[in-house]
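# Chain and residue survey
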Amino acid sequence: MKLRLRGMTFASIAEAIGVERSAVSRTSLGTSRSKRIERALADALETRVEDLFPDRYPQNERGTNKSSSGS
């Protein structure tokens, strides 16, 4: 996984933000939601949370297709 290539693990992310490793795992798998953990994972991977979890953020929240009408 890309985290390991960056020298990080779920455990190190969990420790850095003060949560259980299992919470980071559940969030990464999509069985739980936490914007704080999603942000920590995205930061660790040097990407945007919207790009890491596109299924969790509708396009209008990701800055595209905000308005399809011209009015």
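It should be emphasised that the depicted structure is a prediction, and the values quoted were computed from it without experimental measurement.

### Quick look at the overall build of the chain
Scanning the chain from terminus to terminus reveals five helices and zero strands. When the helices and strands of the chain are read in sequence order from the N terminus, they spell out α-α-α-α-α. Looking at the chain as a whole, 31% of its 71 residues qualify as buried. Surface summary for the chain: the accessible area is close to 5000 Å², and the carbon and sulfur share equals 47%.

### A few points about the nonpolar core
Core analysis: the largest hydrophobic core is formed by 16 residues, its most contacted members being Leu-3, Ile-13, Val-24, Ile-37 and Leu-41. Broken down by secondary-structure element, the contributors of at least two residues to this core are helix H2 (10–17), helix H3 (21–29) and helix H4 (35–44). A total of five residues in this core trace back to one element, the largest contributor, which is H4. Once residues within four sequence positions are removed from consideration, Ile-37 is found in contact with Ile-17, Val-19, Ala-23, Val-24 and Thr-27.

### A short note on the packing of H3 against H4
H4 packs onto H3 with a crossing angle of 85 degrees between their chain directions and a minimal axis gap of 10 Å. Relative to H4, H3 is oriented roughly perpendicular. For the pair H3 and H4, the contacting residues are Ala-23, Val-24, Thr-27 and Ser-28 in the first and Ile-37, Glu-38 and Leu-41 in the second. Considering only residue class, the contact of H3 with H4 consists of four nonpolar, two polar and one charged.

### Here's the deal with the packing of aromatic side chains
For the structure on display, the rule yields zero aromatic pairs. Above the plane of the ring of Tyr-57 lies Arg-33, whose end atom (NZ or CZ) is 5.5 Å from the centre.

### Structural notes on the environment of Asp-55
Within the fold, Asp-55 resides in the segment after helix H5 (49–52). Since its relative accessible area comes to 68%, Asp-55 is described here as exposed.

### Side note on the pattern of salt bridges
Side chains that differ in charge, positive against negative, can pair when their charged atoms come close. The tally for this structure, following the rule as stated, stands at five salt bridges. Asp-51 is the partner of Arg-48 in a salt bridge, and the nearest nitrogen-oxygen pair spans 3.1 Å. For Asp-51, a relative accessible area of 42% puts it in the partly exposed group. When salt bridges that share partners are traced, they join Arg-33, Glu-38 and Arg-56 into one network.

Each value, and the rule that gives it
- Residues numbered from 1 in each chain as written.
- Predicted model: local features only at pLDDT ≥ 70, side-chain atom pairs only at ≥ 80, totals over all residues.
- Heavy atoms only, no water.
- Helix = DSSP H or I, 4+ residues; strand = E, 2+ residues; numbered from the N terminus.
- Buried < 20%, exposed > 50% of the residue type's maximum accessible area, 1.4 Å probe, protein only.
- Areas by Shrake-Rupley, 256 points an atom, 1.4 Å probe, with all protein chains shown as cover.
- Core = buried A, V, L, I, M, F, W, Y, C linked by side-chain atoms within 4.5 Å.
- Contact = heavy atoms within 4.5 Å.
- Axes fitted to C-alpha atoms, helices over the stretch in contact; angles between N-to-C directions.
- Parallel < 35°, antiparallel > 145°, perpendicular 65-115°, else oblique.
- Nonpolar A, V, L, I, M, F, W, Y, C, P; charged D, E, K, R; others polar.
- Phe/Tyr/Trp six-rings, centres within 6.5 Å; stacked < 30°, edge-to-face > 60°.
- Lys NZ or Arg CZ within 6 Å of the ring centre and 35° of its normal.
- Salt bridge = Lys/Arg side-chain N within 4 Å of Asp/Glu carboxyl O.

None of this, on its own, says anything about what the molecule does.
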